[in-house]
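# Analysis of the macromolecular model
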Amino acid sequence: MACLGFCGEWFLSTCSSKLIAVHTKEPREPFVFDCSRAEKRIKTAKDVNGSDASEETGSDTVLAFAVSSSGKLVAITDDTKRLILFQCEPSWLCISIRWVVRRCTSLAFSQAEDELLVADKSGDVYSFSVVEPEKDGELKMGHLSMLLAVTISADDQYIITADRDEKIRVSRLRSPYSIQSYCLGHHQFVSTLEIPTSHPHWLLSGSGDGTVKLWEFESGRKLQSWDLGQLEDDLCSDAAKGNNAAVFRICSSPGGRDVAVLCDGLMNIYMFTLERTSDEKLRFHSKLHFLHRPMDIGFDTKGRLWVLLDSSDVPLQIHTFRKNSWECDTENDDLRRVTEILRTQWSTTDNFTSVTNHFEHLYKVSFDNVSVYLQKKQQRIEEHQLKRTKAQKPKCNKKSKKEPDEVLTRPST
């Protein structure tokens, strides 16, 4: 799965088992970390005899990564259940390699950068210390459903988690058993969360129902909702099957004014603006169309939107906001440098495949048990009536044969 992000002036991209970091301003040596060549887990007697021994192996594909608020720390997790912590300034350094219990779906640093939260597929959140990089993780909290996203409020007071069962839970970070609120309103799994930097008490959420919602998360109050299907002219394959296009990524600019939304499998990116004073706080601005499928999006420190594309010829585009419109910036030295290195790394990556549908297995399948029951009931009634009809026919035939004998033996008057 290919993703992108920014760590200060470093452009980050994951490609299969690799983490690729390219400095956008200085001609510094790019940093490449390959999880397939990383430290292997040492199996203990418990691992060998335990029920989870079969889960030791994996494809080493990077599943998620997170960047600290200062831009000095990066964490990634892979399919082999590694949790790897990096320092990127003043130079790149692998600080530690630890192991998680289950494969992870989302990571988040605390604003104090002393804690790293890890959400996994079983619905649990583990806390890993950044200050003690060799210390094992501690169970923080849990859901009854698979977790898909986790984030922390700007004041380090709340941990916000989203799961497959349409729920967004707001809990206190230091005492997660104390639930502050729920943000309820989605009709499918909640796939992504984003807290705008300029609006620290607001929360943006995206879902498999094809909607983006704006919340005041401390109270759980919904401020606004956008159905992206109403903004889309061309129906995608998922929509044709009856599913809305799931929201894959929501990201906000450093100033918090601009918001970009990417849906899974669509060729468009939806641009919004946030306005605190307006009644319509999340306002739709424009739609960017691409010839190649966008795989991920992210804003750099200058507020430019970088788009990672499913194309070896044009893997990246930069869009800049000028004169109230988003324009593609093709003549850019930063773009040339990063693109050249990306092409090199992608060409040397084995088994790199572009995932076309990240969430297909998360949609809930509805079963109409009542109609099936009524159909079987009607079938049983018809079979019973048929048996009764067959049983009555021999009796009628026997009676008709006896009637002539009775006529012959009847005495005459």
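Report follows, based on the coordinates. (Residues numbered from 1 in each chain as written. Predicted model: local features only at pLDDT ≥ 70, side-chain atom pairs only at ≥ 80, totals over all residues. Heavy atoms only, no water.)

## Some details on the nonpolar core
Note the threshold: Within this scheme, the nonpolar core is defined by two criteria: the residues are buried Ala, Val, Leu, Ile, Met, Phe, Trp, Tyr or Cys, and they are joined through side-chain atoms within 4.5 Å. Summary of the burial criterion: residues with accessible area below 20% of their type's maximum are buried, those above 50% are exposed, and those between are partly exposed, where the area comes from a 1.4 Å probe applied to protein chains only. Only runs of H or I of at least four residues qualify as helices and only runs of E of at least two qualify as strands under DSSP, and these elements are numbered from the N terminus. Should any heavy atoms of two residues lie within 4.5 Å, those residues are considered in contact.
Formed by 21 residues in total, the largest nonpolar core has its most connected members in Ala260, Ile269, Met271, Ile297 and Leu305. Every element with two or more residues in this core is listed here: strand E21 (247–252), strand E22 (258–263), strand E23 (268–274), strand E25 (294–299) and strand E26 (305–309). The element best represented in this core is E26, accounting for three residues. Discounting residues that sit within four places of it in the chain, Met271 has contacts with Val259, Ala260, Arg283, Phe284, His285, Ser286, Leu288, Phe299, Leu305 and Trp326.

## Section: the sheet that holds strand E12 (residues 138–142)
Threshold: Strand pairing follows a simple DSSP-based rule, namely that at least 2 bridges must link the two strands. The axes used here are C-alpha line fits, helices contributing only the stretch in contact, and every angle between their N-to-C directions lies in the interval 0 to 180 degrees.
Strand order in the open sheet made by the four strands is E9-E10-E11-E12, with antiparallel pairing throughout. If you trace the sheet from one side to the other, it starts and ends with strand E9 (104–109) and E12, each paired once. Neighbour to neighbour, the strand axes of the sheet diverge by 25° on average, direction disregarded. As judged from the five bridges shared by E9 and strand E10 (residues 115–120), these two strands associate in the antiparallel manner. In the sheet register, Ser106 faces E10, and the bridge partner there is Ala119.

## Section: the pattern of salt bridges
Keep this limit in mind: We define a salt bridge as a side-chain nitrogen of Lys or Arg found within 4 Å of a carboxyl oxygen belonging to Asp or Glu.
Throughout the structure, instances matching the rule amount to 23 salt bridges. The shortest N-O distance in the salt bridge between Arg82 and Asp78 comes to 2.6 Å. By the burial criterion, Arg82 is buried, and Asp78 matches it. Through salt bridges with shared partners, a single ionic network connects Lys25, Asp300, Arg304, Asp334 and Arg337.

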